[in-house]
Amino acid sequence: MYDQYELIADEYARHFTDEFDVRPFDRSLVQSFAELVLRSGGQAALDVGCGPGQAAAELTRLGLSAEGIDGSPAMISIARERYPQIPFQVADMRELPYRDGTFSAVSAWYSIIHTPADELADLFAEFRRVLTDPGWLLLGFPNWCSSFVFRRSLRTRGLDDLPAT
Ligand SMILES: C[S@@+](CC[C@H](N)C(=O)[O-])C[C@H]1O[C@@H](n2cnc3c(N)ncnc32)[C@H](O)[C@@H]1O
């Protein structure tokens, strides 16, 4: 799915620049997550499907040592430009380029919304692999997919045959 995000990275990043300012409930969830991780003695966090990097930046602001991966090079380029202090790299969340137990926390913030149900078990096993034991996992899902900006954007490029989200 991330090849399609490659086409809309700039527009997506513009649209979600202030995501946590306009969505206080989202911010409170991420804050609670960071607090739980820190209270349990955790520190290192990986944001998978990080897009333009705003969740990794929020986790960093809250005191975690966060980094991010995304399959879209355009998204990673924007994330690096916006948050040069945070490590970002291009990678597929289904095959994370990290050793077992590297992170005390993994967040997948709005990033597994396109994952087919029959791939979820393997994906969660991969998240589990890079987590410490115990470890923390944050999954974020939107409730506004039908009006989502990327669908409109893709349609303007003739890519209107996407499956419904
Ligand atoms: C809806 S965006 C969410 C981006 C960001 N987390 C946010 O909250 O705005 C989904 C992101 O997941 C990435 N993505 C989807 N499948 C992926 C995969 N298998 N590996 C890595 N990134 C993936 C896409 O490239 C895209 O940047």
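Structure: above.
Now for a description of the structure that goes with this document. (Residues numbered from 1 in each chain as written. Predicted model: local features only at pLDDT ≥ 70, side-chain atom pairs only at ≥ 80, totals over all residues. Heavy atoms only, no water.)

## Some thoughts on the pattern of salt bridges
Opposite charge on two side chains allows them to pair when their charged atoms are near. In total, this model carries 8 salt bridges according to the counting rule given. Ionic pairing is found between Arg39 and Glu35, a salt bridge with its closest N-O pair at 2.5 Å. Note that Arg39 and Glu35 are positioned in helix H3 (residues 24–39) at a spacing of 4 residues, about one turn of the helix. In this structure Glu35 comes out as partly exposed when scored by relative accessible area, which is 41%. With a closest N to O distance of 2.8 Å, Arg61 and Glu58 form a salt bridge. Of the two residues, Arg61 and Glu58 are both situated in helix H4 (residues 54–61); the distance of 3 residues between them amounts to about one turn of the helix. A residue is classified by how much of its surface remains accessible, and Arg61, at 52% relative accessible area, is exposed. Note on Glu58: relative accessible area 5%, which makes it buried. Sharing partners across several salt bridges, the network here consists of Asp21, Arg27, Glu58 and Arg61. (Salt bridge = Lys/Arg side-chain N within 4 Å of Asp/Glu carboxyl O. Helix = DSSP H or I, 4+ residues; strand = E, 2+ residues; numbered from the N terminus. Buried < 20%, exposed > 50% of the residue type's maximum accessible area, 1.4 Å probe, protein only.)

## Regarding unusual backbone geometry
Here the bond from Asp133 into Pro134 is cis, since omega is 5°, no more than 30 degrees from zero. The residue Pro134 is located in strand S5 (residues 131–140) in this model. In this model, Tyr110 sits at a positive phi of 60°, which is unusual for a non-glycine residue. Here Tyr110 shows up in the loop between strand S4 (103–109) and helix H6 (120–130). Its relative accessible area of 9% is what places Tyr110 among the buried residues.

## Re helix H1 (residues 2–15)
Maximal helix bending in H1 amounts to about 75°, located at Ile8. Taken together, the buried positions of H1 are Tyr5, Ile8, Ala9, Tyr12 and Ala13. (Bend = angle between axes of the 7 residues up to and from the residue.)

## Here we look at the packing of H3 against H4
Axes are the key here: two packed helices are described by the angle between their axes and the distance separating the axes. Where H3 contacts H4, the two axes come as close as 10 Å, and the packing angle between them is 50°. By the criterion of interaxial angle, the relationship of H3 to H4 is oblique. Crossing of H3 over H4 shows right-handed handedness. Here Arg27, Val30, Gln31, Phe33 and Ala34 of H3 come into contact with H4, specifically with Glu58, Leu59 and Arg61. (Axes fitted to C-alpha atoms, helices over the stretch in contact; angles between N-to-C directions. Parallel < 35°, antiparallel > 145°, perpendicular 65-115°, else oblique. Left-handed = near helix turned anticlockwise from the far one by under 90°. Contact = heavy atoms within 4.5 Å.)

## So, the packing of aromatic side chains
On inspection of all chains with the given rule, the structure shows 6 aromatic pairs. Relative to Phe103, the ring of Tyr98 has its centre 4.9 Å away and its plane inclined at 80°; by these criteria the two rings are edge-to-face. For Tyr98, a relative accessible area of 13% corresponds to the buried category. Here Phe103 falls in the buried class, since its relative accessible area comes to 1%. Pairwise contacts between aromatic rings join Tyr5, Tyr12 and Phe16 into one cluster. (Phe/Tyr/Trp six-rings, centres within 6.5 Å; stacked < 30°, edge-to-face > 60°.)

All we've got here are geometric facts, nothing functional implied.
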